[in-house]
Amino acid sequence: MMKYILVTGGVISGIGKGIIASSVGTILKSCGLHVTAIKIDPYINIDAGTFSPYEHGEVFVLDDGGEVDLDLGNYERFLDIRLTKDNNLTTGKIYQSVINKERRGDYLGKTVQVVPHITDAIQEWVVKQAAVPVDDDDVEPQVCVIELGGTVGDIESMPFIEAFRQFQFKVKRENFCNIHVSLIPQPSATGEQKTKPTQNSVRELRGLGLSPDLIMCRCSTALENSVKEKISMFCHVEPEQVICVQDVSSIYRVPLLLEDQGVVSYLSRRLNMPIEARPRKMLTKWKEMSDRSDRLLEHCSIALVGKYTKFSDSYASVIKALEHSALAISHKLEVKYIDSAHLEPSTLQEEPVKYHEAWQKLCSADGILVPGGFGVRGTEGKIHAINWARKQKKPFLGVCLGMQLAVCEFARNMLGWKDANSTEFDPESKHPVVIDMPEHNPGQMGGTMRLGKRRTIFKSNTSVLRKLYGDAEYVDERHRHRFEVNPELTSHFEDQGFRFVGQDVEGERMEVIELDDHPYFVGVQYHPEFTSRPIKPSPPYLGLLLAAAGKLQGYLQKGCRLSPRDTYSDRSGSSTPDSEISELKLPSISNE
């Protein structure tokens, strides 16, 4: 029987349910179980594709082109699985499917209602999606971790809570359990840990028909015993069912924290799961990784020149990909967030302090990253940053829009096409170096993007990126964009040493750029950050960090053998529980 673990949240949203759901999945996977994950978002949008990054963080893209919540990125990175768009369930998707059925006449003249029709649709979706294999070996999962977004008591999530209230009886008690994540505030005035919000949140959940099996308490410092006992008494659970999840130095410590407090043994008893009592090798790897991240001494700074820099979740996967690469080369990462608009001359007139601060950050960074984005605001600032990286020979990585702007910058300053631009920003440009090349019907905002996994063929044997990918002839990476480099103008660039080293299968779309005579000037049209893993960093990001730390040449001369990708790929790349992970130490990359 499939085992279902529902993760709900109380008191505030953004409490870390995603990391806790991922961590629970990780420790169960380390016991040899096959784990899948579903994220439920109670908003009425069909998917996350049209969200502003300020409102909801980044949009995460899956292999099948699904634009989903960033928590699915956490699941993929922690569990090393590949999810589909149906693993992200929204109110919009549920209502759309029920309305479509009603229009087809499936309900035979009945009045369609929230109960039973919507709640039944939710349960059917969960059961169907939980059985879809997500590992490379195509084995059906044994455990499904379901995260319900928002907080208990939200009007939007009521149909979902009711669906799971019914669901627990359908699948039987031994196959369903509820983890409730709650906040334990600690007001600075008294320094006392307060349990009242948690008591209220659990009472509300109980009133809706769900009883938490584990109460995970988010707190800034470890829970005192008296507080644990109080929660146990007032929330009707044993003290061992109250788990403390305090702030830790790195999110990779969270699975270890849960493991130490006996979460696995509790779940195996509660859900009657076939878990072997043997040392768990996968967790040794996590411990190694988190210890390593705490011990790093050397620093490496990357300037992230973007538009949504006030909210770091807007670039969640980008930051994670940088962290994975920094960890692989044993450097502590410092990300310098720069609002690209502050680099523009107009800011010098209006707010000179911001202008000079932004340039000071840019000039002092070891490497420069221009991530993807939409819209014209701040693009000129990004072009200034790219110009500086090119002229000063600073390691540079441009992703999606970052690559397109690198093409615009080169066209303006090296080819003398002063008005070179993307038709997204200047439809009248005489030199449209970036043009709209939709895959589907143009005109509509939704469904016109090139989305999901696509193949890129390397056209050059000497390409730096090709070497970083292990001398692969092609790579499969995830895309999310509408505009492409204009293929009719590429020959002008090649003559000046600006190479289009990677193209799509048809050779029409330019996917990778590199610049001759530069330590590391790379642009990619795809988003490599979506497939980066803690133990298998993404090659374009790894190249940027190596170049920023001055280690790229030595690394390439050794044939890229020290890549963490090689160290682990044969062992942890497969999801079979018995795969031996004996080589746990990432080799250090030296300067010679």
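Predicted model only: the values in this text are computed from it and were never measured.

Asks: For this particular structure, what's the right way to read the packing of helix α15 (residues 379-391) against helix α16 (residues 401-413)?
Replies: Two numbers describe a pair of packed helices, the interaxial angle and the distance between the axes. Contact geometry of α15 with α16 gives a least axis separation of 9 Å together with a crossing angle of 70°. Here α16 runs roughly perpendicular to α15, going by the angle between their axes. Along this stretch, α15 crosses α16, giving a crossing that reads as right-handed. Mapping the contact onto sequence places Thr379, Glu380, Lys382, Ile383, Ile386, Asn387 and Arg390 in α15 and Leu401, Gly402, Leu405, Ala406, Cys408, Glu409, Phe410, Arg412 and Asn413 in α16. Across the contact of α15 with α16, the residue classes tally to seven nonpolar, four polar and five charged.

Asks: Before we go on, may I ask you to explain helix α14 (residues 352-364) in this structure?
Replies: Given 3.6 residues per helical turn, the α-helix brings residues three or four places apart onto the same face. The end-to-end C-alpha distance of α14 is 18 Å, a good match for the 18 Å that 13 residues give at a rise of 1.5 Å each. Every buried residue of α14 is listed here: Tyr355, Ala358, Trp359 and Leu362. When α14 is viewed along its axis, its buried side chains cluster within an angular range of 95° and face the same direction. Summarising the geometry of α14, the exposed residues directed more than 90 degrees from the buried face are Val353 and Gln360. Residues of α14 that are buried make contact with β10 (299-306), β11 (332-339), α13 (345-350), β12 (367-370) and α15.

Asks: Would you mind going over the environment of Val485 with me for this structure?
Replies: Here Val485 shows up in strand β18 (residues 483-485). The spacing of Val485 and Val433 is 52 residues in sequence and 5.9 Å in space, taken between C-alpha atoms. If near-sequence neighbours (up to four positions away) are discounted, Val485 is found in contact with Met403, Val407, Val433, Val434, Met437, Thr490, Phe500 and Met510.

Asks: Please explain the pattern of salt bridges as it appears in this structure.
Replies: Side chains bearing opposite charge may pair, as long as their charged atoms lie close to each other. In the structure shown here, the tally under the stated rule is 35 salt bridges. Across the salt bridge formed by Asp516 and Arg499, the nearest N and O atoms sit 2.8 Å from each other. Of the two residues, Asp516 is situated in the loop between β20 (510-515) and β21 (521-524) and Arg499 in strand β19 (residues 498-504); the sequence distance between them amounts to 17 residues. Using a relative accessible area of 33% as the deciding quantity, one classes Asp516 as partly exposed. Each of Asp63, Glu76, Asp80, Arg82, Arg478, Arg533 and Lys536 takes part in one network of salt bridges that share partners.

Asks: Mind showing me how you'd approach the pairing of strand β16 (residues 450-458) here?
Replies: Along any regular strand the residues' side chains alternate between the sheet's two faces. With eight bridges joining them, β16 and strand β17 (residues 474-481) adopt antiparallel strand pairing. By the bridge assignment for β17, Gly452 is matched with His479. Where β16 and β19 come together, three bridges link them in antiparallel fashion. Its bridge partner lying in β19, Thr456 is registered against Asp504.

Asks: Looking at this model, I keep getting lost on the environment of Glu298. Mind explaining?
Replies: Locating Glu298 in the fold gives a position in the loop between α11 (281-295) and β10. Expressed as a C-alpha distance, the spacing of Glu298 and Pro352, which sit 54 residues apart in the sequence, is 33 Å.

Asks: Help me understand the sheet that holds β16 in this model?
Replies: Strand pairing in a sheet relies on backbone hydrogen bonds. The paired strands run either parallel or antiparallel. In space, the nine strands of this open sheet follow the order β11-β10-β12-β13-β21-β20-β19-β16-β17, with mixed pairing throughout. Looking at strand neighbours, the two that pair on one side only are β11 and β17, the edges of this open sheet. Geometrically, the sheet is characterised by an average inter-axis angle of 25° between neighbouring strands, direction not taken into account. Across the sheet, α16 touches β12, β13 (396-399), β19, β20 and β21, and the angle it forms with β13 is around 115°.

Asks: Is there a simple way to think about a nonpolar patch on the surface in this case?
Replies: A cluster of nonpolar side chains, contributed by Tyr95, Ile99, Val114 and Val115, occupies part of the molecular surface with about 310 Å² of accessible area. For the nonpolar patch, the elements supplying multiple residues, two or more each, are α4 (91-104) and α5 (114-130). Of note, Ile99 is situated in helix α4.

Asks: Explain the nonpolar core to me, please; I cannot follow it from the model alone.
Replies: Where a protein is soluble and globular, its nonpolar side chains tend to be buried together. Grouped together as the largest cluster of nonpolar side chains are 55 residues, with contacts concentrated most on Ile5, Val24, Leu28, Met216, Leu258 and Leu267. When residues of this core are assigned to their parent elements, the largest contribution, six residues, is made by helix α1 (residues 17-29). Sequence-distant contacts of Met216, that is, excluding residues within four places in its chain, are made with Ile20, Val24, Ile179, His180, Val181, Ser182, Ile243, Val245, Leu258 and Val263. With 41 residues, the next largest nonpolar core counts Ala303, Leu343, Ala385 and Ala420 among its residues.

Asks: Which parts of the structure should I look at to understand the domain arrangement of the chain?
Replies: Quite often, the size of an interface is put as the accessible area lost when its parts meet. Assigned domains of the chain: these are domain 1 (3-290) and domain 2 (297-558). The straight-line distance from the C-alpha centre of domain 1 to that of domain 2 is 35 Å. With 24 residues of domain 1 at the interface, the matching set in domain 2 holds 29 residues. In total, domain 1 and domain 2 occlude about 2,400 Å² of area from one another, counting both sides; carbon and sulfur atoms represent 56% of this. Its largest share of buried area at the contact with domain 2, domain 1 owes to Tyr54, Val61 and Arg77, together 30% of the area lost on that side. The closest approach of N and O atoms between Glu76 and Arg533, which form a salt bridge, is 3.5 Å. Summed over the shared surface of domain 1 and domain 2, the result is 13 residue pairs in polar contact (both at pLDDT 80 or more). Listed by contribution, the elements that provide at least two residues to the side of domain 1 that touches domain 2 are α2 (53-56), β3 (60-61), α3 (71-79) and α11. It is α2 that provides the largest number of residues to the side of domain 1 that touches domain 2, a total of three residues. Grouping the constituent residues of the side of domain 1 that touches domain 2 by class yields eleven nonpolar, four polar and nine charged.

Rules used throughout
Residues numbered from 1 in each chain as written. Predicted model: local features only at pLDDT ≥ 70, side-chain atom pairs only at ≥ 80, totals over all residues. Heavy atoms only, no water. Axes fitted to C-alpha atoms, helices over the stretch in contact; angles between N-to-C directions. Helix = DSSP H or I, 4+ residues; strand = E, 2+ residues; numbered from the N terminus. Parallel < 35°, antiparallel > 145°, perpendicular 65-115°, else oblique. Left-handed = near helix turned anticlockwise from the far one by under 90°. Contact = heavy atoms within 4.5 Å. Nonpolar A, V, L, I, M, F, W, Y, C, P; charged D, E, K, R; others polar. Expected span 1.5 Å × (residues − 1). Buried < 20%, exposed > 50% of the residue type's maximum accessible area, 1.4 Å probe, protein only. Arc of directions from axis to C-beta. Salt bridge = Lys/Arg side-chain N within 4 Å of Asp/Glu carboxyl O. Pairing = 2+ DSSP bridges. Patch = residues over 30% accessible without salt bridge, like charges linked within 9 Å, V, L, I, M, F, W, Y side chains within 5 Å. Areas by Shrake-Rupley, 256 points an atom, 1.4 Å probe, with all protein chains shown as cover. Core = buried A, V, L, I, M, F, W, Y, C linked by side-chain atoms within 4.5 Å. Domains from an automatic or database assignment. Buried area = accessible area lost by both parts, 1.4 Å probe. Polar contact = N/O pair within 3.5 Å; in protein donor to acceptor, adjacent residues only side chain to side chain.

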